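# Structure at a glance
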Amino acid sequence: MTMHRIMIFLVALGVAVCLSADNGPTGPVYVEPLKTASLDEMGGDPTVKNADQPDPQGEALRARSKEILDAAGFRFSSSLPTLNRRAGVPGKLRPANEIQKRLLVSYAVYLYVVYDEKTVSKDDIGALLSVYDLPDEFTRDEALIITKPREQARKEHMDTIGWNLENMEALAWMLGYDEQPALDGKMIGGKRRDALMEFIGESWQGPEAFAKTLSPRSEADVLQLEDTFYCAHNAVRSAQLGHAEQVPEKFHPVRNGGVIHEKREALTWALSPGVEWDATDTST
């Protein structure tokens, strides 16, 4: 994959477009890679650090997470490491501009796959990438998608691109979007998708105008929600391994669990400065 192929999208200088068409994916397929650590033993676990040290901040977050998840019907491991004991997660919130760039990259890939050339042209998408300086933010897989012929990208990725919306909702929430990511495992669609797309669609007005619409969340707020989703994800992994009692009744471990995974990934990435998107530690 060469940067030259990505640069074909960066020739336009900026065009506003209408994003009202509702032809998104309706039933994405989800297969989650299992990166599951031991649920009950912390000793020797490479995902754990400072196991013998106190963690008052992490314990306070965990107590609130347990409250929320008990009420929602999730049961997670009591030995799951708290904030300052998690080896792969620094627990410091990234600058808002990094979260914004990740949101817009996910958005650009989503637009490229879901919408046709007449609705949102590749030159329009190129303009977005250019004015926000996004070419270096793509993962290898994202670059492969956005450099395929449009119809090929749509055919190959339409069934899975809907998962981007789950990442995007969590990223948007961290930037001030009103809808807090929910634990119900329901995939985004309909009016909920429209509201999210409207929020992100303000980016077409340019960086300065878009910045005025944002109200980034505090690190404390992100830490709490991430810990809650981390614990919920642990329960989901247990259910995927056959322990259905760890998740709410009628909660599908793979389909609904995939929603938890995607939102958790975005939240954990935001608290892992210096870590690439596709290297985010989603172990449980």
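Our subject is the structure that appears above.
What comes next concerns the included structure. (Residues numbered from 1 in each chain as written. Predicted model: local features only at pLDDT ≥ 70, side-chain atom pairs only at ≥ 80, totals over all residues. Heavy atoms only, no water.)

On to the overall build of the chain, then. Regarding its fold elements, the chain presents 11 helices and 0 strands. The order of α-helices and β-strands along the chain, N terminus first, is α-α-α-α-α-α-α-α-α-α-α. Sequence-distant contacts, at least 24 apart, represent 82% of the contacts inside the chain between residues at least 6 apart. Accessible surface, the chain: about 13100 Å² in total, of which carbon and sulfur atoms supply 50%. (Helix = DSSP H or I, 4+ residues; strand = E, 2+ residues; numbered from the N terminus. Contact = heavy atoms within 4.5 Å. Areas by Shrake-Rupley, 256 points an atom, 1.4 Å probe, with all protein chains shown as cover.)

All right, on to the packing of aromatic side chains then. Two numbers describe a pair of aromatic rings. These are the distance of the centres and the angle of the planes. Tallied over the entire structure, the rule returns 4 aromatic pairs. Between Phe74 and Phe251, the ring centres sit 5.3 Å apart and the planes meet at 80 degrees, which makes this aromatic pair edge-to-face. Residue Phe74 is located in the loop between helix 2 (56-72) and helix 3 (96-114), and its partner Phe251 is located in the loop between helix 10 (219-240) and helix 11 (255-270); the two are separated by 177 residues in the primary sequence. According to the relative accessible area criterion, Phe74 is buried, its value standing at 1%. The buried category is assigned to Phe251, whose relative accessible area is 9%. Here the aromatic rings of Trp269 and Trp277 are separated by 5.6 Å at their centres, their planes lie at 70 degrees, and the arrangement is edge-to-face. Residue classification places Trp277 among the buried residues on the basis of a relative accessible area of 10%. A cation over an aromatic ring shows up here: Arg86 above the ring of Tyr230, its NZ or CZ 3.6 Å from the ring centre. (Phe/Tyr/Trp six-rings, centres within 6.5 Å; stacked < 30°, edge-to-face > 60°. Buried < 20%, exposed > 50% of the residue type's maximum accessible area, 1.4 Å probe, protein only. Lys NZ or Arg CZ within 6 Å of the ring centre and 35° of its normal.)

Of all the positions in helix 6 (residues 150-157), only Arg150, Ala153 and His157 are classed as buried. End-on, the buried residues of helix 6 take up no more than an arc of 65 degrees, which puts them together on one face. Exposed residues lying more than 90 degrees from the buried face of helix 6 are Glu151 and Lys155. (Arc of directions from axis to C-beta.)

What follows concerns the nonpolar core. Residues Phe74, Tyr107 and Met168 are the most contacted members of the largest nonpolar core, which totals 70 residues. If you tally residues by element for this core, the top one is helix 3, at 12 residues. Setting aside residues up to four positions removed in sequence, Phe74 forms contacts with Leu69, Leu183, Ala232, Ala235, Val236, Gln246, Val247, Pro248 and Phe251. (Core = buried A, V, L, I, M, F, W, Y, C linked by side-chain atoms within 4.5 Å.)

Right, let's talk about a negative patch on the surface for a bit. On the surface, a cluster of negative charge is contributed by Asp133, Asp136, Glu137, Asp141, Glu276 and Asp278. Positionally, Asp278 belongs in the segment after helix 11. (Patch = residues over 30% accessible without salt bridge, like charges linked within 9 Å, V, L, I, M, F, W, Y side chains within 5 Å. Salt bridge = Lys/Arg side-chain N within 4 Å of Asp/Glu carboxyl O. Lys, Arg positive; Asp, Glu negative; His and termini not counted. Charge placed at Lys NZ, Arg CZ, Asp CG, Glu CD.)

Its place among the elements puts Tyr110 in helix 3. Along the primary structure Tyr110 and Leu165 are separated by 55 residues, whereas in three dimensions their C-alpha atoms are 8.1 Å apart.

So, on to the packing of helix 3 against helix 6. The N-to-C vectors of helix 3 and helix 6 enclose an angle of 100 degrees; their axes lie 7 Å apart at closest approach. By the angle class used here, helix 3 and helix 6 are roughly perpendicular. On helix 6, the residues touching Leu111, Tyr112, Val113 and Val114 of helix 3 are Arg150, Ala153, Arg154 and His157. Residues belonging to the contact of helix 3 with helix 6 are distributed by class as follows: 5 nonpolar, 1 polar and 2 charged. (Axes fitted to C-alpha atoms, helices over the stretch in contact; angles between N-to-C directions. Parallel < 35°, antiparallel > 145°, perpendicular 65-115°, else oblique. Nonpolar A, V, L, I, M, F, W, Y, C, P; charged D, E, K, R; others polar.)

A word on the packing of helix 7 (residues 163-174) against helix 11. Direction vectors running N to C along helix 7 and helix 11 enclose 40 degrees, while the axes themselves pass 8 Å from each other. Relative to helix 11, helix 7 is oriented oblique. As helix 7 runs across helix 11, the sense of the crossing is right-handed. On helix 11, the residues touching Trp163, Glu166, Asn167, Glu169, Ala170, Leu171, Trp173 and Met174 of helix 7 are Arg255, Gly258, Val259, Glu262, Lys263, Glu265, Ala266, Leu267, Trp269 and Ala270. Split by residue class, the contact of helix 7 with helix 11 holds 10 nonpolar, 2 polar and 6 charged. (Left-handed = near helix turned anticlockwise from the far one by under 90°.)

Right, let's talk about unusual backbone geometry for a bit. For residues that are not glycine, phi is negative in most cases, and the peptide bond is trans in most cases. One non-glycine residue, Asp133, lies in positive phi territory at about 55 degrees. Mapped onto the fold, Asp133 is located in the loop between helix 4 (122-131) and helix 5 (140-146). Classification of Asp133 as exposed rests on a relative accessible area of 51%. One non-glycine residue, Lys250, lies in the positive phi region at around 70 degrees. Relative to the elements of secondary structure, Lys250 occurs in the loop between helix 10 and helix 11. According to the relative accessible area criterion, Lys250 is exposed, its value standing at 80%.

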